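# Fold and contact review
So the chains spell out like this:
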Amino acid sequence: MKHLLNMNDLEIKDIDTILNRALEFQQNPSHQFNKQFTVVNLFFEPSTRTKMSFEMAERKLGLHILPFEAGTSSTLKGETMYDTVRTLEAIGVDAVVIRHEQDQFYEELMSGLNLAIINAGDGSGQHPSQCLLDLYTIKQEFGKFEGIHVTIVGDIAHSRVAKSNALALKKLGAHVTFICPPEWQGDFDATSTWEEVLPTADVVMLLRVQHERHGKENDFLKELYHKEYGLTIARYAELKPSTIVMHPAPVNRDVEIASELVESDKSRIFKQIQNGVFVRMAILESVLKERM
Ligand code: CP
């Protein structure tokens, strides 16, 4: 794998390879490249999990990390994304991990550059490393994807996590349904209801309400959203014993999920974060191996 940009680009065998390698890293995290690689994490949007998790994965792989702060970089003087990344390539960087508010920011980097690009979230487009860690978490739980009922709940239209996961899970044979307010369903057929889903879902995947992508729509009432679309304590009690609850985080407590349920028995929210390190090690290794 030369880059990781979009889950559309990955075939089932590519996904399997990353998940299997992530499992090996979980069982034995040590790995040494026989060539020294340098990476830069360029985050133009806020992040805690993805940025720290990539950095942890990079450190575990023994990679050199050059620090980059968008707020003190020459992007503030108007330098383009291409020129920024071209500059890092000229300095000797082998791979960049990029989060940016622009959908498909990576398109302008696809020609004229010779370094690996990992998409750490493009606007409302895709979040492939989150998707792969979510897949890893589901496989860890159920051992398969075929026939697993996954319900994605919330702000689907603005969620790169929803788009990546819906695409990949369907490709892998899971049964994917959606619950969301009509104004946030985007291109998805979000006609399921909690009443239908509660007795059947194997995975309830909650999404963060993406206030930063809602423009001036400020009529959001968190109590009302929680009542209509949130995982309430009453709904949680109706889930099957084997059902797991996922959320990419950060969580808006008492909005997408009742605060008391964030670390409940069925919640895999912190397990997802833990798994992210192994999956990102596998992603980094995969793109860097192409440069050996
Ligand atoms: N899940 C996720 O992308 O979290 P961060 O925004 O904190 O990276």
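Given the structure is predicted, the values throughout are model-derived calculations rather than measurements. (Residues numbered from 1 in each chain as written. Predicted model: local features only at pLDDT ≥ 70, side-chain atom pairs only at ≥ 80, totals over all residues.)

### Topic: the UniProt feature "binding site: carbamoyl phosphate" (unreviewed entry) in the chain
The sites that UniProt annotates as "binding site: carbamoyl phosphate" (unreviewed entry) are Arg49, Thr50, Arg99, His127, Gln130, Ala249 and Pro250. One can find alanine 249 in the loop between strand 8 (244–246) and helix 9 (269–289). Judged by C-beta crowding, with 18 C-beta atoms within 10 Å, alanine 249 ranks as partly exposed. Other than its neighbours up to four places away in sequence, alanine 249 contacts Arg49, Ile269 and Ile273. By the element assignment, proline 250 lies in the loop between strand 8 and helix 9. Contacts of proline 250, omitting those with residues within four sequence positions, involve Thr48 and Arg208. (UniProt positions renumbered as here; feature names shortened; annotations may be inferred. Helix = DSSP H or I, 4+ residues; strand = E, 2+ residues; numbered from the N terminus. Buried ≥ 20, exposed ≤ 12 C-beta atoms within 10 Å, placed from the backbone. Contact = placed C-beta atoms within 7 Å.)

### Things to note about the domain arrangement of the chain
If you check the domain split of the chain, you get domain 1 (7–126 + 274–289) and domain 2 (128–268). The C-alpha centroid of domain 2 is placed 26 Å from the C-alpha centroid of domain 1. For the side of domain 1 that touches domain 2, the secondary structure elements donating two or more residues are helix 1 (12–27), helix 2 (49–60), strand 4 (116–122) and helix 9. Taken together, the residues of the side of domain 1 that touches domain 2 break down into 10 nonpolar, 10 polar and 3 charged. (Domains from an automatic or database assignment. Nonpolar A, V, L, I, M, F, W, Y, C, P; charged D, E, K, R; others polar.)

### What to know about the site of the ligand
Residues in close proximity to the ligand include Ser47, Thr48, Arg49, Thr50, Lys51, Gly121, Gln130, Pro248, Ala249 and Pro250, which together make up its full environment. In terms of residues, the shell around the ligand owes the most to one element, helix 2, which gives 3 residues. Its residues assigned to classes, the shell around the ligand comprises 3 nonpolar, 5 polar and 2 charged. Split by domain, the shell around the ligand shows at least three residues from each of two domains, domain 1 (7–126 + 274–289) and domain 2 (128–268). (Near = placed C-beta within 6 Å.)

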